[in-house]
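# Geometric and topological summary
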Amino acid sequence: MTPEELSKTIKESLESLVASQKLDLPEIPEIKIERPKSKDHGDFASNIALMVSKSAGKNPREVAQLLVDVLSKNPGLKKVDIAGPGFLNFTLDSASLGELAKSILEQADKYGHTKTLNNETINIEFISANPTGPLHLGHTRWAAVGDAIARVLAASGAKVVREFYINDRGAQLDKFGISICAVANNEAIPEDGYHGAYVKDLAAEIVKERPEILKLSKDKQEIEFREEGYKRQLKQQQNVLDGFRTHFDVWYSERSLHSSGAVEKGLALLKKHGHVFEHEGATWLKTTDFGDDKDRVLIKADGEYTYFASDTAYYVDKRSRGNDVNIYLLGADHHGYVNRLRAVAACAGDDPDKNVEVLIGQLVKMLKNGQEVRLSKRAGNIITLEDLVDEVGVDAARYTLTRYPVDTPLTLEIDLLTSHTNDNPVFYVQYAHARIAAVIRSAQEKGIDWQKNKFNPAALVTEQEAELLGALSEFPRIVSSAAQLRQPHRVARYLEELATAYHSFYSACRVLPLVGEPVTDETIARLVLCAATKQVVKNGLDLLGVSAPEKM
RNA sequence: GCGCCCGUAGCUCAACGGAUAGAGCAACUGGUUUCUACCCAGUAGGUUGGGGGUUCGAUUCCCUCCGGGCGCACCA
């Protein structure tokens, strides 16, 4: 019996109590099953009696007792207890609990997938770095987290579009071109330009391939260097992200918004809804109608579109492409955008609570030798995605970054991460996977075919086996809550618990028979349990974009 | 000044409004002639920043104060 089945059983019991007029309930709420922290509280628990007691007009323990009377007739339930204020604690028959292992193997890589978010089309935009330099540590956090969110959303039945917005228009890109041009001409880079070492490399590369640029006028040189630099820098970002296993469905260029007429189209829609006005020669959007602190300029007095105009058009464009929910992952330094973006949605006639979701991620700090390393693209003193990967590898980098909720500032102690990997739980989880793989290899070498032998779930009787099965049963619920809350770190934390349950099982329960001992029901059942655990660890690591090694 | 985020064990951090607030690291005590010891079992460590409130029940929700981070452009 899985938690879902138990939940359904409780619901039916409540319905029967209502039908026989033993209980008076206007409606039955969603019945949540959780796994108790303490083993004394059984395999599963529910607070349903506490939830409905008020509307039923009975005290919680009375409601619980009514439920126990019905539920205890169920053959899969060994014991149903009432505890504390009115919790229901369920202890399953060991065979009923053990069935899960087989079921997981049948579902294989689909175990954990649900239809929680069915039919929702969700667009998730993240990183969206300027194409004026390498991706830094902050971007790296979004690369890992954004991609992991996309994966849990997809696993929960959503249609997901991963999108990267390229800021290929405006002053920053011009400064980038000017900086490269200066280096190429052996001149000093302006103070507000880009000073990183990569600018020199780009300049050298471009001059080598297209020496004729240097013969152009300064104005034209700056444009050419800008365009060449942009092309190369974007390509570099794409390559790096590819190596980081973060793949986008859409790379959306800000320029294309303008060239395709999307900006005018967006503006027209906003006008239609009546929130655009003229003031002192500029065109404004009245975002204060919807909670913004001040109105925002769309077209400056000099006739130029603002960056904000691109943003509004971009939003309208995303919606026109069928995205119901638009998630934006922004750094804390951009949190001033939240009200603005929500107001844009409202001005376009949408519901900001439904169509827009802004996840604000706190910044990543890095300590080296006990001192904070300042991240600044312009200063050139930056820690890049590649730096982090070179130090700890893709697996450890992704895992570390997805292990924490994004609304807390993250401090990476590089000395700790680089010195050795003991502190990094990714290895603990991966090790569990590799360890299981070794057991299964061993079984094959001994000629034990656990797939053909009959699986007897009742052979799984120890405390450690029940604990492990309980942990396995939680996976679908964890994934779907991670998707609904947009918090992939729940998957990582879960995997650590699952790995602990496995290691504990492994120490207490010998799987393969010793020399001279026979293959029993217990051997087969434990092998099935191992295989099921291996599957779930792999499924979980996949959601984080972390590999599941067969050997370590 | 206004707004957003954060404050939990010595350190880094968890905890759909649920039961005795949990892990890892660091400290201490044990465990492997057997399937991977990158492991397991255990000890110690807390007024969840302070104070109010909401309720069967608050680390979680509301108010307030203290402390820290980040924002408040006809920049992008």
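Note that the structure is a prediction, hence the values are computed from the model and not measured.

### Some points on the protein's contact with RNA strand B
Taken together, 64 residues form the shell around RNA strand B, and within it H335, Y337, P405, Y431 and R435 come nearest. Within 4 Å of the protein, the contacting atoms of RNA strand B are drawn from sugar and phosphate to the extent of 58%. Residue P409 places a main-chain N or O atom 3.5 Å away from a phosphate oxygen belonging to RNA strand B. Within the backbone of L512, one N or O atom sits 3.0 Å away from a base oxygen of RNA strand B. Every element with two or more residues in the surface near RNA strand B is listed here: helix 2 (48–56), strand 4 (87–92), helix 6 (171–184), strand 9 (282–285), helix 12 (337–347), helix 16 (425–445) and helix 18 (489–508). Ranked by residues supplied to the surface near RNA strand B, first place goes to helix 16 with nine residues. Its residues placed into classes, the surface near RNA strand B shows 28 nonpolar, 17 polar and 19 charged.

### Considering the packing of aromatic side chains
By the definition in use, this model includes twelve aromatic pairs. For the pair Y502 and Y506, a centre-to-centre distance of 6.2 Å together with 45 degrees between the ring planes defines the contact as tilted. Of this pair, Y502 and Y506 both sit in helix 18, four residues apart, which is roughly one turn of that helix. Take Y502: its relative accessible area is 0%, and that puts it in the buried class. Judged by relative accessible area, which is 32%, Y506 ranks as partly exposed. Put simply, the rings of F126, F164, F248 and W251 touch in pairs and so form one group of aromatic residues.

### Focus on the packing of helix 18 against helix 19 (residues 521–544)
The contact between helix 18 and helix 19 brings their axes to 10 Å, and the two run at 160 degrees. By the angle class used here, helix 18 and helix 19 are roughly antiparallel. Crossing angle aside, the handedness with which helix 18 passes helix 19 is left-handed. Packed against helix 18, whose contacting residues are V491, A492, Y494, L495, L498, Y502 and F505, the element helix 19 presents R526, L529, C530, T533, V536, V537, G540, L541 and L544 at the interface. Residue classes in the contact of helix 18 with helix 19 are distributed as 13 nonpolar, two polar and one charged.

### A closer look at the domain arrangement of chain A
Partitioning chain A into domains gives domain 1 (3–92), domain 2 (121–165 + 248–364), domain 3 (171–243) and domain 4 (424–544). Once you take the C-alpha centre of each, domain 2 and domain 3 turn out to be 28 Å apart. Between domain 2 and domain 3, the contact holds 13 residues from the first and 14 residues from the second. Looking at the side of domain 2 facing domain 3, the largest losses of area belong to P131, T132 and R255, adding up to 48% of the total buried there. Taken together, domain 2 and domain 3 are joined by one salt bridge. One can count six residue pairs in polar contact (both at pLDDT 80 or more) joining domain 2 with domain 3. When grouped by side-chain class, the residues that make up the side of domain 2 that touches domain 3 number nine nonpolar, three polar and one charged.

### Remarks on the pattern of salt bridges
Pairing between side chains of opposite charge can happen when their charged atoms approach one another. Evaluated as defined, the whole model comprises 36 salt bridges. Salt-bridge contacts for K11 lead to E15; the nearest nitrogen and oxygen are separated by 3.9 Å. Of the two residues, K11 and E15 both sit in helix 1 (residues 3–19), four residues apart, roughly one turn of that helix. The partner of R162 in a salt bridge is D147, and the shortest N-O contact between them spans 3.1 Å. With R162 in strand 6 (residues 159–166) and D147 in helix 5 (residues 137–155), this residue pair connects regions lying 15 residues apart in the sequence. Pair check on accessibility: R162 and D147 agree, each one buried. Counted as one network, the salt bridges with shared partners bring together E205, E209, R210, E212, E224, E228, K231 and R232.

Rules used in this analysis
Residues numbered from 1 in each chain as written. Chains lettered and ligands numbered in written order. Predicted model: local features only at pLDDT ≥ 70, side-chain atom pairs only at ≥ 80, totals over all residues. Heavy atoms only, no water. Near = heavy atom within 4 Å. Polar contact = N/O pair within 3.5 Å; in protein donor to acceptor, adjacent residues only side chain to side chain. Helix = DSSP H or I, 4+ residues; strand = E, 2+ residues; numbered from the N terminus. Nonpolar A, V, L, I, M, F, W, Y, C, P; charged D, E, K, R; others polar. Phe/Tyr/Trp six-rings, centres within 6.5 Å; stacked < 30°, edge-to-face > 60°. Buried < 20%, exposed > 50% of the residue type's maximum accessible area, 1.4 Å probe, protein only. Axes fitted to C-alpha atoms, helices over the stretch in contact; angles between N-to-C directions. Parallel < 35°, antiparallel > 145°, perpendicular 65-115°, else oblique. Left-handed = near helix turned anticlockwise from the far one by under 90°. Contact = heavy atoms within 4.5 Å. Domains from an automatic or database assignment. Buried area = accessible area lost by both parts, 1.4 Å probe. Salt bridge = Lys/Arg side-chain N within 4 Å of Asp/Glu carboxyl O.

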